[in-house]
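Residues per chain are reported as follows:
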Amino acid sequence: MTALVVDDEQLAREELTFLLRSFPEVRVVGEAADGPGALDKIEELGPDIVFLDVQMPGLNGLQVVREILAQGRPIPHVIFATAFDQYAVEAFEVNAADYLLKPVEKDRLGRSIRRARELVRSPDRDSERMARLLSRIRDHVRQPTKVLVRSGMHMVLVDARDVIFATARKGGVRIVATEVEGHSNYKTLDDLHSTLSDPHFWRPHRSYVVNIDRIKEVVPWFKSNYQLVMSDRERTEIPVSRGQTKRLRTLFRL
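Just so it is clear, the model here is predicted, and its values are computed rather than measured.

Caption draft 1: Region of the structure containing the layout of surface pockets. Its boundaries defined by the atoms lining it, the largest pocket holds a volume of some 840 Å³. Lining of the largest pocket is provided by 30 residues; of these, Leu-39, Leu-59, Glu-67, Gln-244 and Arg-247 occupy positions nearest its centre. Contributing elements (two or more residues each) for the lining of the largest pocket: helix 2 (35–45), helix 3 (61–71), helix 7 (189–196), strand 11 (201–205) and helix 8 (245–252). The element contributing the most residues to the lining of the largest pocket is helix 3, with five residues.

Caption draft 2: Region of the structure containing the packing of helix 2 against helix 3. Packing of helix 2 against helix 3 brings their axes to within 9 Å, and their N-to-C directions diverge by 45°. With respect to helix 3, the axis of helix 2 lies oblique. Between helix 2 and helix 3 lies a crossing whose hand is right-handed. Across the interface between the two elements, Gly-35, Ala-38, Leu-39 and Ile-42 from helix 2 touch Val-64, Glu-67 and Ile-68 from helix 3. Class assignment for the residues of the contact of helix 2 with helix 3 results in five nonpolar, one polar and one charged.

Caption draft 3: Geometry of the nonpolar core. Core analysis: the largest hydrophobic core is formed by 19 residues, its most contacted members being Val-6, Leu-52, Val-64 and Phe-80. For this core, the secondary-structure elements that each account for two or more residues are strand 1 (2–6), helix 2, strand 3 (49–53), helix 3 and strand 4 (77–82). Residues contacting Val-64, with those up to four places away along its chain left out, are Gly-35, Ala-38, Leu-39, Ile-42, Leu-52 and Leu-59.

Caption draft 4: Main features of the packing of aromatic side chains. What the rule picks out here adds up to two aromatic pairs. An angle of 55° between the planes, with centres 6.3 Å apart, marks the rings of Phe-165 and Tyr-208 as tilted. Residue Phe-165 is located in strand 8 (residues 163–169), and its partner Tyr-208 is located in strand 12 (residues 208–211); the two are separated by 43 residues in the primary sequence. Phe-165 sits in the buried class, given a relative accessible area of 6%.

So, how was this worked out
- Residues numbered from 1 in each chain as written.
- Predicted model: local features only at pLDDT ≥ 70, side-chain atom pairs only at ≥ 80, totals over all residues.
- Heavy atoms only, no water.
- 1 Å grid on protein atoms, 1.4 Å probe; cavity = no way out; pocket = protein on both sides within 12 Å on 5 of 7 lines; lining within 4 Å.
- Points joined across faces, edges and corners; volume = space filled by probe spheres on them.
- Helix = DSSP H or I, 4+ residues; strand = E, 2+ residues; numbered from the N terminus.
- Axes fitted to C-alpha atoms, helices over the stretch in contact; angles between N-to-C directions.
- Parallel < 35°, antiparallel > 145°, perpendicular 65-115°, else oblique.
- Left-handed = near helix turned anticlockwise from the far one by under 90°.
- Contact = heavy atoms within 4.5 Å.
- Nonpolar A, V, L, I, M, F, W, Y, C, P; charged D, E, K, R; others polar.
- Core = buried A, V, L, I, M, F, W, Y, C linked by side-chain atoms within 4.5 Å.
- Buried < 20%, exposed > 50% of the residue type's maximum accessible area, 1.4 Å probe, protein only.
- Phe/Tyr/Trp six-rings, centres within 6.5 Å; stacked < 30°, edge-to-face > 60°.

Next up, the structure:
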């Protein structure tokens, strides 16, 4: 079986890859350090199984699976790696290909591989099973409803759905919402995007996180690039990086 290892921590990837060398029936064909990288590697390599970290900055493991399902692509058998407590892990195992509780133990990994081997022998990749899994665990991933925005002398709590976009500024992250704009307590966009943990927030460019529901226009730009016009008062124009153009076309069927 071919396997892809996805985790934002290099040490965790190295440890899992080392453990997998003890199982001759598994061949690690690649690694990824974040969600977008996982999507690219899954499409490029077509692994049988993916060892996927649940909580990663930018695009978490659950969002990676949702994205594959939304695109209608064949989905590999996913074994989530998680820091959830053992009760939650056992509750979800009925629908997951499997869960591994961090730190991963070799014996437990062996059971996961045996389970994956049985699934790989099946002619169908059970997307419905993964969809049920995601619906069950949605509430177990932190999705804060409020974001703190510092505006002048005020500290305003903003509903996440009212955030229009956020941009990296020297020394922090600036948030523009429907009623207020200012600086947040997040140091990087990765931190903010990871904490929001909502598929409606997208990273079209390394310097921006946008609320997909707050995009007003998509404007064709030079060399097949695009700009997003947001719904704030300034109608801010945000570039879409070349690497995110495919995601934009998928979102709006361009």
